[in-house]
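As a plain string of letters, each chain reads:
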Amino acid sequence: MMLSKPLALLLLWVTFGATLSFAFPSFSGVTDGFQDLSARWWKDKPNPKVRLVQNPPTPPGPPRYTGTKLVNDRQHPYKPVKAGDIRGPCPALNTLANHGYLPRNGVASPSEIVTAVQEGLNANNKFAILLTYIGHLLDGNLETDLLSIGLKTKRTGPSPPPPAEAGGLNVHGTFEGDASLTRGDAFFGDNHNFNQTLFNKFVDFSNKYGGGSYDITVAGELRYSLIQDSISTNPNFTLKNIGYIVAYSISALPINFFVDGRRTDGKLSIPDARSFFKFGKFPRDFYRAAKPVANEGTDKVFLAHPVMPGGNADGKVNNYVLDPTSADFNNVCRAYESVVAQVQEFYPNPTGLLRKNLIKNLRYLYIGAQGALGCTTELFPYGHS
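To start, this report covers the structure provided alongside it. This structure is a prediction, so every number in the text was calculated from the model and none was measured.

Right, let's get into the overall build of the protein chain. Across its full length, the protein chain carries 10 helices and 7 strands. The buried share of the protein chain, reckoned over its 385 residues, is 58%. Only carbon and sulfur atoms are counted for the fraction: they give 53% of the accessible area of the protein chain, which is about 15,400 Å².

Okay, here's the thing in structure tokens:
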């Protein structure tokens, strides 16, 4: 199967991840974190400290210096999460918050996130923009221009009217999906917390296929195995559109972002993997990537054992049915189109400031999709202004 050129720059940091789905442990006593706040989403009282944003700023461009550098430095020390701080499913964002590249409380603007993933991880600019604005449009508070890297908090502002759910990056089915590297599927009740059993599998595959390290060969074998596990155990398993692209992308991201930039062998040690996945912490003396990176290597992960998009049908396991309308690696811009369609479902009749900010943020999403995916047709569901 021929892959489109833009694939090498597609999909988070889930940066992220998606699933994005990198892991982070739960913290007892941490408020507004991993608890289920869905019952409160439309009961939040306005927070007078959160201001409405009349004109969301244009995303930042690339930094002046894009080479490798020490990022676990004196200006960005690791600090444990304290009560009230929010963390989510993405180890990259958790790490950036724990080291102060992002606000340590876990609430940030899209511009702050784009800047942080570039400075702390050397993420490609358009890739960072694409991932950030997918998350912001699907799970952020658009009127205040704020996004939680975990679940919903009143610190991002009042919740939007239903059917939208500005719930942060923990929300399942938007920017968080099944078949994660170190998270269980949502069907089993906990798709947020670090899953030691899954990490044990990560280690086992690294030993079997990578000589004790996680590399692109391990990534291809493990990705296929995780998909098969979900097909055989999760009757609600789905692997379509953004979730499909992300599932393969997150398998390559640890190699691109978590391997010290002074190394050239593309191998992630297990101790370093544990530091990111479990503790959200840069390894000691860690240098970011030597050049701006995105999800290079995703094509190799996919081609190791190609699975086309689809999902278990009729609520039955081992009943995987293909979906020819989904985004895939020959039709990556369908991922952009599917995000826009989902935004329309969430905000069917926006007015006033919400509509204006949706138009602005959809413009920024397209900037990322154009630069990272090569998409040439911009969509305007709410008009141009």
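Now that the structure has been shown, we can carry on.
Let's shift gears to the packing of helix H4 (residues 196-210) against helix H5 (residues 216-233). The axes of two packed helices give the description: the angle between them and the distance between them. In contact at an axis separation of 9 Å, H4 and H5 are set at 135° when each is read in the N-to-C sense. Here H4 is positioned oblique relative to H5, judged by the angle of their axes. Viewed along their axes, H4 and H5 form a crossing whose handedness is right-handed. Across the interface between the two elements, Leu198, Lys201, Phe202, Phe205, Ser206, Tyr209 and Gly210 from H4 touch Thr217, Val218, Glu221, Leu222, Ser225, Leu226 and Asp229 from H5. The residue inventory of the contact of H4 with H5, partitioned by class, reads 7 nonpolar, 4 polar and 3 charged.

By definition, a disulfide links two cysteine residues through a covalent bond between their sulfur atoms. Counted under the stated rule, the structure contains 1 disulfide. Between Cys333 and Cys375 runs a disulfide, and the two sulfur atoms are separated by 2.1 Å. The sign of the -110° torsion about the S-S bond sets the Cys333-Cys375 disulfide as left-handed. In this pair, Cys333 is assigned in helix H9 (residues 333-346) and Cys375 in the segment after helix H10 (352-373), connecting sequence segments 42 residues apart. For Cys375, a relative accessible area of 2% translates into the label buried.

Core analysis: the largest hydrophobic core is formed by 94 residues, its most contacted members being Leu93, Leu96, Tyr214, Tyr347 and Leu365. Examining the composition of this core, we find that 11 residues originate from one element, helix H6 (residues 241-257), more than from any other. Residue contacts for Leu96: discarding those within four places in its chain leaves Tyr101, Leu102, Ala116, Val117, Gly120, Leu121 and Phe282.

A few words now on the sheet that holds strand S6 (residues 310-312). One open sheet holds the 3 strands; their spatial order is S4-S6-S7, and the pairing between them is antiparallel. Unpaired on one side and paired on the other, strand S4 (238-239) and strand S7 (320-322) mark the two borders of the sheet. In this structure, S6 lies alongside S7, joined through 3 bridges in antiparallel fashion. Residue Gly311 lies in a different strand from S7, and its bridge partner there is Val321.

Taken as a whole, the largest pocket encloses approximately 460 Å³ of empty space. Lining the largest pocket are 18 residues, with Ile255, Asn256, Thr264, Gly266 and Val293 sitting closest to its centre. Counted by class, the lining of the largest pocket contains 6 nonpolar, 5 polar and 7 charged residues.

Moving on: the environment of Tyr382. Tracing the chain through its elements places Tyr382 in the segment after H10. Linking Tyr382 and Lys356, residues 26 residues apart in sequence, is a C-alpha distance of 8.7 Å. Tyr382 has contacts with Val343, Gln344, Tyr347, Pro350, Arg355, Leu358, Ile359 and Leu362, leaving out every residue within four places of it along the chain. In this structure the side chain of Tyr382 is engaged in a polar contact, spanning 2.8 Å, whose partner is the backbone oxygen of Tyr347.

Procedures and definitions
Residues numbered from 1 in each chain as written. Predicted model: local features only at pLDDT ≥ 70, side-chain atom pairs only at ≥ 80, totals over all residues. Heavy atoms only, no water. Helix = DSSP H or I, 4+ residues; strand = E, 2+ residues; numbered from the N terminus. Buried < 20%, exposed > 50% of the residue type's maximum accessible area, 1.4 Å probe, protein only. Areas by Shrake-Rupley, 256 points an atom, 1.4 Å probe, with all protein chains shown as cover. Axes fitted to C-alpha atoms, helices over the stretch in contact; angles between N-to-C directions. Parallel < 35°, antiparallel > 145°, perpendicular 65-115°, else oblique. Left-handed = near helix turned anticlockwise from the far one by under 90°. Contact = heavy atoms within 4.5 Å. Nonpolar A, V, L, I, M, F, W, Y, C, P; charged D, E, K, R; others polar. Disulfide = S-S within 2.5 Å. Core = buried A, V, L, I, M, F, W, Y, C linked by side-chain atoms within 4.5 Å. Pairing = 2+ DSSP bridges. 1 Å grid on protein atoms, 1.4 Å probe; cavity = no way out; pocket = protein on both sides within 12 Å on 5 of 7 lines; lining within 4 Å. Points joined across faces, edges and corners; volume = space filled by probe spheres on them. Polar contact = N/O pair within 3.5 Å; in protein donor to acceptor, adjacent residues only side chain to side chain.

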